[in-house]
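Fold and geometry: a report
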Amino acid sequence: MNAPSTVVPVPTAAAPNLSRGDRLKRRLERRPELFTLFLLVSLCAVVGAINPSFFQASALFDIARSSVVIGLFALGVFVILAAGGIDVSFTAIAALSMYSVTQLIVTYFPGAPLVLVFLAAALGGGLLGLINGFLVHALRAPSLIVTIGTQYLFRGFLLTFIGTVWVTSLPEQMDSFGKLALIERSTDGARAVLPVFFLALPIVAGLTWWILNKTLMGRAIFATGGSRAVAERLGYNLRAVHLFIFAYTGALAGLAGIIHVCSNRLANPFDLVGMEIDVIAAVVLGGARITGGTGTVTGTLLGVFLVVAINNVLIMTGIPSTWQRVVVGAFILVAGAFFAIRRR
């Protein structure tokens, strides 16, 4: 008869008793966007302490409304940065798409459904983005160089062949959409409105998150940003990746442009110039690396709100608006130093 077997307990290493500081450090290593959230909350707390009116609905709605266009731009730029590229032509794409579509609608189809207007702008932007993607892949040139060239090309084409005159008489459906309220509040006799076009930002953010986290294309984007050579060995189609990321960014740029027209109730071909720095700053502040392969949609949105808050509320603390760039630059240096230390 065999002797009953005995189970010898295997000693296990004691779980480390981490201090609160170590737990916070590990959490920040896993979720770098929490640092961006800390900067945003700190900024809001300081501004609110100096000027309590910052927490009124009107100020918060202004920040939300101002975040829509830059947020749509930033989500597109983030997708390209995640793949290891960079795009500075998105404002030119937005300007060309929004002005061309507005002129077309005003002149030939003043009664066109609003959905068709948005689809036309997104399609136009997507086609221009495809040009960027094709050139980046075919020339095997740095995307920064390519998009600097197409930025001048698109903007020059707009001003030379499409027009330079402001369109101030929009069709009724576009004008009404810009004024349509999602939430409306009255404070001290003042009317505060959160426009319905704000919904475009969370909807596109959700779509971008789904693409990057739940699809094969999303895995290919991050793999390409991590290492192009490794992505090729894994069998990812880099041509498809380049065409998709630039077309997607172009489509978001076209959508942002037409929302900008409806919000301001005019189409100005000279608008949106110079927004590139704010957009790229927002994406970098959100934790994305210029070299690619990292970043989150949540971090990008937090970076957008941080940059918009800086640009919108400094005046409430008595700081001149000319200091906006200084403050944004300081925040980028602080966040950049933090992210570099975290990686080391």
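Residues numbered from 1 in each chain as written. Predicted model: local features only at pLDDT ≥ 70, side-chain atom pairs only at ≥ 80, totals over all residues. Heavy atoms only, no water.

**Looking at the overall build of the protein chain**
The condition is simple: Helix and strand definitions here come from DSSP, where helices need a minimum of 4 consecutive H or I residues and strands a minimum of 2 consecutive E residues; each element is numbered from the N-terminal end. Relative accessibility under 20% of the residue-type maximum defines a buried residue, over 50% an exposed one, and the middle range a partly exposed one, all with a 1.4 Å probe and only protein chains included. Here, residues are in contact when the closest pair of their heavy atoms is within 4.5 Å. The Shrake-Rupley method, run with a 1.4 Å probe sphere, supplies the accessible areas, and residue values consider only the shown protein chains as cover.
Assigned secondary structure in the protein chain consists of 14 helices and 2 strands. Within the protein chain, the proportion of its 344 residues that are buried is 47%. Here the analysis covers contacts within the protein chain between residues at least 6 apart in sequence; of these, 78% occur between residues at least 24 apart. A total of about 17300 Å² of accessible surface is found on the protein chain, and carbon and sulfur atoms cover 66% of it.

**Overview of the nonpolar core**
For clarity, the cut-off: Residues enter a nonpolar core if they are buried and are Ala, Val, Leu, Ile, Met, Phe, Trp, Tyr or Cys, with the set joined through side-chain atoms within 4.5 Å.
In this structure, F73 and I259 are the most contacted members of the largest nonpolar core, which totals 102 residues. The element that contributes the greatest number of residues to this core is helix α3 (residues 57–82), accounting for 17 residues. Among all residues touching I259, those that are not within four sequence positions of it are V68, L72, F118, F197 and A200.

**Remarks on the environment of G336**
By secondary structure assignment, the location of G336 is in helix α14 (residues 324–343). A sequence separation of 51 residues divides G336 from L285, and the C-alpha atoms of the two residues are 7.6 Å apart.

**As for helix α8 (residues 200–214)**
The α-helix winds at 3.6 residues per turn, so residues separated by three or four positions along the chain end up facing the same way. Stated formally: What a helix is expected to span follows from its residue count: subtract one and scale by 1.5 Å. Think of it as the arc spanned by the lines of direction from the helix axis to the C-beta atoms.
Here α8 spans 21 Å end to end across 15 residues, near enough to the 21 Å set by a 1.5 Å rise per residue. For α8, the set of buried residues is A200, L201, V204, A205, T208, I211 and L212. Seen from one end, α8 has its buried residues packed into an arc of 130°, which puts them on one side. Exposed residues pointing more than 90 degrees away from the buried face of α8 are listed as I203 and K214. Where α8 is buried, its residues meet α3, α9 (216–226), α11 (238–264) and α13 (297–313).

**What about a nonpolar patch on the surface?**
Our working definition: Residues enter a patch when their relative accessible area is above 30% and they make no salt bridge; the linking distance is 9 Å between like charges and 5 Å between nonpolar side chains (Val, Leu, Ile, Met, Phe, Trp, Tyr). Counted as salt bridges are all cases of a side-chain nitrogen of Lys or Arg within 4 Å of a carboxyl oxygen of Asp or Glu.
Taken together, L144, I145, I148 and Y152 make up a surface patch of nonpolar side chains, about 410 Å² in accessible area. Within the secondary structure, I145 is located in helix α6 (residues 143–162).

**As for unusual backbone geometry**
Here the phi dihedral of R265 falls at roughly 55°; this positive angle occurs in a residue that is not glycine. Inspection of the secondary structure assignment puts R265 in the loop between α11 and α12 (276–285). In this structure, L272 is a non-glycine residue whose phi angle is positive, near 75°. With respect to the element layout, L272 can be found in the loop between α11 and α12.

**A closer look at the packing of aromatic side chains**
Aromatic ring pairs are described here by two measures, namely the spacing of the ring centres and the angle between the planes. Put simply, the test is: Each Phe, Tyr or Trp ring, with Trp reduced to its six-membered ring, pairs with another whose centre is within 6.5 Å; inter-plane angles below 30 degrees give stacked pairs, above 60 give edge-to-face pairs, and intermediate values give tilted ones.
Evaluated as defined, the whole model comprises 7 aromatic pairs. Their ring planes at 70° and their centres at 5.1 Å tell us that F54 and F55 sit as a pair that is edge-to-face. In textbook terms, an aromatic cluster arises when at least three aromatic residues are bridged by ring pairs, as seen for F118, F177 and F197.

**Some thoughts on the pattern of salt bridges**
Pairing between side chains becomes possible if they bear opposite charge and their charged atoms approach one another. For the structure on display, the rule yields 4 salt bridges. Between D175 and K179 there is a salt bridge whose closest N-O contact spans 3.1 Å. Taken together, the positions of D175 and K179, both in helix α7 (residues 172–179) and 4 residues apart, correspond to about one turn of that helix. Linked through salt bridges whose partners overlap, the residues forming this network are D175, K179 and R265.

**Here we look at the environment of I183**
One can find I183 in strand β1 (residues 181–187). Sequence separation between I183 and V196 is 13 residues; the distance between their C-alpha atoms is 7.8 Å. If we ignore the near neighbours within four places in the chain, the residues touching I183 are F61, A192, V193 and L194.

**A short note on α9**
Of the residues making up α9, those classed as buried are G218, A220, I221, T224 and G225. Buried residues in α9, looked at end-on, bunch into an arc of 160°, giving them a common side. Facing away from the buried side of α9 by over 90 degrees, the exposed positions are L216 and G226. Against α3, α8, α10 (228–233) and α11 lie the buried residues of α9.

**Quick notes on the packing of α7 against α11**
What counts is decided by this rule: To get an axis, a line is fitted to the C-alpha atoms, and for a helix only the part in contact is used. The angle between two axes follows their N-to-C directions and goes from 0 to 180 degrees. Note that the term roughly parallel is reserved for angles under 35 degrees, roughly antiparallel for angles over 145, roughly perpendicular for angles of 65 to 115, and oblique for everything else. The nonpolar class holds Ala, Val, Leu, Ile, Met, Phe, Trp, Tyr, Cys and Pro. Asp, Glu, Lys and Arg form the charged class, and all remaining residues, Gly among them, are polar.
The interhelical angle for the contact between α7 and α11, taken along N-to-C directions, is 80°, at an axis separation of 7 Å. When the axes of α7 and α11 are compared, the pair comes out roughly perpendicular. Every residue of α11 that contacts α7 at M174, F177 and G178 is listed here: I258, V261, C262 and S263. Here the residues of the contact of α7 with α11 sort into 5 nonpolar, 2 polar and no charged.

**Considerations on the confidence of the model for the protein chain**
Keep this limit in mind: pLDDT is a residue-level measure of predictor confidence that goes from 0 to 100.
Across the protein chain, the average pLDDT comes to 88, with 89% of residues at 70 or higher. Segment residues 1–8 is flagged for pLDDT under 50; beyond a separation of four residues in sequence, or across chains, it makes 0 contacts in the model.

**Quick notes on the side chain of T102**
Position of T102 relative to the elements: it lies in helix α4 (residues 90–108). Of the residues examined, T102 reaches a relative accessible area of 0% and is grouped as buried. If we ignore the near neighbours within four places in the chain, the residues touching T102 are V167, L170, M174, I258, V261 and A267.

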